[in-house]
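The lines below spell out each chain.
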Amino acid sequence: MPNDSNSYSIDYERLLQEEMLDSLDEELELELDDDRLEALAEGDEAAAGMDRRVYFRELLRLQAELVKLQDWVVDKKLKVVVLFEGRDAAGKGGVIKRVTQRLNPRTCRVAALPAPSDRERSQWYFQRYVSHLPAGGEIVLFDRSWYNRAGVEKVMGFCNDDEYEEFFRTVPEFERMLVRSGIILIKYWFSITDSEQYKRFLARVHDPLKQWKLSPMDMESRRRWEQYTKAKEVMIDRTHIPEAPWWIVEAVDKKRARLNCINHLLSQVPYGEVDHPRVELPARVYNPDYYRAPIPESLFVPAIY
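Bear in mind the structure is a predicted one, so any value in this text is a computation, not a measurement.

Caption draft 1: Region of the structure containing the sheet that holds strand S1 (residues 79–86). The parallel open sheet is built from 5 strands, whose spatial order is S2-S3-S1-S4-S5. A single partner strand is all that each edge strand has here, and the edge strands are strand S2 (108–111) and strand S5 (246–250). Shown here is a sheet whose adjacent strand axes are inclined to one another by a mean of 25°, direction ignored. Of the pairings in the sheet, the one linking S2 to strand S3 (residues 138–143) comprises 4 bridges and is parallel in character. Looking at S3, one finds that Ala111 is bridged to Phe142.

Encoded structure:
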C-alpha cells in the first residue's frame, strides 16, 4: 500500500471507476443479448426503443434505490412478496434479473417452482407456496405463483371445475391472511400483444442459446391465445382486492417495462435511509514465521484469454 495518501486516493478512485464500468458491462451484456434476439426476429430494421444512455442511467439509479430498500427491509424486519405473472415471453424474467442484479441473494430471493410432484398434487393447493414465503427481513419474488391455477392449469385442463372455483373462493382470504400477518404483497401482470409474443417466440425458435426456453407448453399457449386472454380477465376480475390489487405492466417495450415496474415497486414499500456504522478495514497481521507454499502449475486453469 503506498504511503502517500494522495496516491492511495487516486488508486481508490480508479478502483471505484473500474467497479462501475464492470457493472455497466454486466448490464450491457444483457442488453446486447436482447438486441440479438430482436435482430433474429425482425432483421436489421428492428424498431428503435428507448435511448440506451437514458435507460442505463435510470436503471442504475433505480437499482441504487433497490439497495436502499433492501437495507430498510432488513433493518425493519419487513416481509415482502412480489408476484410476477403474465403470458409466456412477456418479459417477467428480464425484470426479475434487474431487480435482483445488485441485491444480496440472502435477502432477496426468487421462487420459481417446477410442476408439482404427485405428493404436492395431493396437498392443499397453497401448501407448496407457503414454504417459500419470507421471514422478517426478506424479499421473495415469485416467478409465477399460485395464480398458475387460474391460468395455465385452467386453460390446459390440469385442474377440474371444482378445484378452479375453490381457488377463487380461497385466494382472496388467503391473501388477506398474508397481509394481516404483516406481509407486503404486490402483484404484477405483464401484458404484451399477440404480435409481440409471436415475434419473441420466433426469435427463440431461431436462437440456439434460447431454444431451451420454448417448451411444449409454450407452443400450446401460443395456439390458445384467446383462452389465456379470457382466463386472465376472469382472474383479475375475481382476485383484484383492496388488500392486494393487481398492477398491469405494459411490456411490449422491454426497457420501459423494466424501469416502470422497478419504479412502481419502490413506491409500494415506504423506505428511508438506514444509518450504517463507518467501515474500517482492520490492519493485516504479518507473521514472520508464515510461509506460503508454492502452488503446482497443474492446478491452475489454463489462461487462454
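Caption draft 2: Representation of the packing of helix H2 (residues 52–76) against helix H11 (residues 254–268) within the structure. Direction vectors running N to C along H2 and H11 enclose 25°, while the axes themselves pass 10 Å from each other. It follows that H2 is roughly parallel to H11 by the angle criterion. Two packed elements cross with a definite hand, and for H2 against H11 that hand is left-handed. Contacts from Tyr55, Glu58, Leu59, Leu62, Glu65, Leu66 and Leu69 of H2 reach H11 at Lys255, Arg258, Leu259, Ile262, Asn263, Leu265 and Leu266.

Caption draft 3: Representation of the packing of aromatic side chains. Under the criterion given, the structure shown has 18 aromatic pairs. An angle of 80° between the planes, with centres 6.0 Å apart, marks the rings of Trp124 and Phe174 as edge-to-face. Within this pair, whereas Trp124 is found in the loop between helix H4 (118–121) and helix H5 (127–130), its partner Phe174 is found in helix H7 (residues 161–180), the two being separated by 50 residues in sequence. With a relative accessible area of 47%, Trp124 lands in the partly exposed category. The class for Phe174 is buried, based on a relative accessible area of 5%. A cation sits over an aromatic face here: Arg87 above Trp225, 3.5 Å from the ring centre. Across the ring face of Tyr286, the terminal group of Arg284 is positioned such that the distance to the ring centre comes to 4.2 Å.

Caption draft 4: Expanded view of a nonpolar patch on the surface. Residues Ile295, Leu299 and Phe300 make up a contiguous nonpolar surface patch of about 320 Å² in total accessible area. The residue Phe300 is located in the segment after H11 in this model.

Caption draft 5: Highlighting the pattern of salt bridges. Applying the stated criterion to the full structure yields 25 salt bridges. Between Lys199 and Glu196 there is a salt bridge, and its shortest N-O distance comes to 3.3 Å. Taken as a pair, Lys199 and Glu196 lie in helix H8 (residues 194–206) at a separation of 3 residues, close to a single helical turn. Taking the relative accessible area as the measure of exposure, Lys199 reaches 15% and is therefore buried. The class for Glu196 is buried, based on a relative accessible area of 8%. Through salt bridges with shared partners, one network takes in Glu173, Arg176, Arg180 and Glu243.

Caption draft 6: Quick look at the nonpolar core. Core analysis: the largest hydrophobic core is formed by 32 residues, its most contacted members being Leu66, Val82, Phe84, Val99, Leu141, Tyr188 and Phe190. For this core, the secondary structure elements donating two or more residues are H2, S1, helix H3 (92–100), S3, strand S4 (183–191) and H11. No other element matches the 7 residues that H2 contributes to this core. Excluding residues within four positions of it along the chain, Leu66 makes contact with Arg98, Val99, Leu103, Ile262, Leu265 and Leu266. Phe168, Phe174, Ile183 and Trp189 belong to the second largest nonpolar core, which has 28 residues in total.

Thresholds applied
Residues numbered from 1 in each chain as written. Predicted model: local features only at pLDDT ≥ 70, side-chain atom pairs only at ≥ 80, totals over all residues. Heavy atoms only, no water. Pairing = 2+ DSSP bridges. Helix = DSSP H or I, 4+ residues; strand = E, 2+ residues; numbered from the N terminus. Axes fitted to C-alpha atoms, helices over the stretch in contact; angles between N-to-C directions. Parallel < 35°, antiparallel > 145°, perpendicular 65-115°, else oblique. Left-handed = near helix turned anticlockwise from the far one by under 90°. Contact = heavy atoms within 4.5 Å. Phe/Tyr/Trp six-rings, centres within 6.5 Å; stacked < 30°, edge-to-face > 60°. Buried < 20%, exposed > 50% of the residue type's maximum accessible area, 1.4 Å probe, protein only. Lys NZ or Arg CZ within 6 Å of the ring centre and 35° of its normal. Patch = residues over 30% accessible without salt bridge, like charges linked within 9 Å, V, L, I, M, F, W, Y side chains within 5 Å. Areas by Shrake-Rupley, 256 points an atom, 1.4 Å probe, with all protein chains shown as cover. Salt bridge = Lys/Arg side-chain N within 4 Å of Asp/Glu carboxyl O. Core = buried A, V, L, I, M, F, W, Y, C linked by side-chain atoms within 4.5 Å.

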